[in-house]
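# Structural overview for review
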Amino acid sequence: MKKSVILSSILMTTALSFGLQANVMAKDNGTNVDHSATAGEAVSDAWITTKIKADLASTKDLKSTDISVETNNGVATLTGTVPSDIERKKAIAAAESVKGVNKVDSAGLKVKANK
């Protein structure tokens, strides 16, 4: 149930992100700019963030609801808490596997202390 809510949220965020990007690209400031994407162009930070969140949500044995993701110039920053070091490593691996990620900053991703 939780995963379907998470996936729905991610899909909504993705749809909104693409809608906003299309609106920005549709504005014409009088110059001819080619906005067509090619395979070699950098992937946008918003797309990277959305893809990482989706991959985290679908990673087996990983509770991703307590992980936040931000991307700036291809550097993905993971913050939050996870129950174990194994889950921390899974989250980092999932982020590193996304196209366009140049580096993963996981300093803010902590393992919960066992009580």
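The coordinates are above.
A brief structural summary. (Residues numbered from 1 in each chain as written. Predicted model: local features only at pLDDT ≥ 70, side-chain atom pairs only at ≥ 80, totals over all residues. Heavy atoms only, no water.)

## A few points about the nonpolar core
Short version of the rule: Throughout, nonpolar core names a set of buried Ala, Val, Leu, Ile, Met, Phe, Trp, Tyr and Cys residues whose side chains join them through atoms within 4.5 Å. Here's how the labels work: a residue is buried when its accessible area is under 20% of the maximum for its type, exposed when over 50%, partly exposed in between, all with a 1.4 Å probe on protein chains only. Only DSSP runs of H or I reaching four residues or more are called helices, and only runs of E reaching two or more are called strands; each is numbered from the N terminus. Every residue pair with non-hydrogen atoms within 4.5 Å of one another is taken to be in contact.
Among the nonpolar cores identified, the biggest contains 17 residues, and Ile52, Leu56, Ile67, Leu78, Ala91 and Val101 are the most heavily contacted of them. For this core, the elements supplying multiple residues, two or more each, are helix H2 (45-58), strand E1 (67-72), strand E2 (75-82), helix H3 (85-96) and strand E3 (103-111). Counting residues per element, this core draws most heavily on H3, at four residues. Leucine 78 has contacts with Ile52, Ile67, Ser68, Val69, Ala91, Ile92, Ala95, Val104, Asp105, Ser106, Gly108 and Leu109, leaving out every residue within four places of it along the chain.

## Details of the sheet that holds E1
As a reminder of what qualifies: Note: two strands are recorded as paired if DSSP finds a minimum of 2 bridges between them. Fitted lines through C-alpha atoms give the axes, limited to the stretch in contact for helices. The angle between two N-to-C directions lies from 0 to 180 degrees.
Taking strand neighbours across the sheet as the criterion, the three strands line up as E1-E2-E3 in an open arrangement whose pairing is mixed. Edge positions in the sheet fall to E1 and E3, since each has one partner strand and no second. Within the sheet, the average angular offset between the axes of one strand and its neighbour, ignoring direction, is 10°. Strand direction decides the pairing type here: E2 and E3, joined by seven bridges, are parallel. What sits directly across from threonine 79, in E3, is glycine 108. Against the sheet, H2 engages E1 and E2, with an angle of about 155° to E1. Sitting on the sheet, H3 touches E1, E2 and E3, and the angle it makes with E3 is about 160°.

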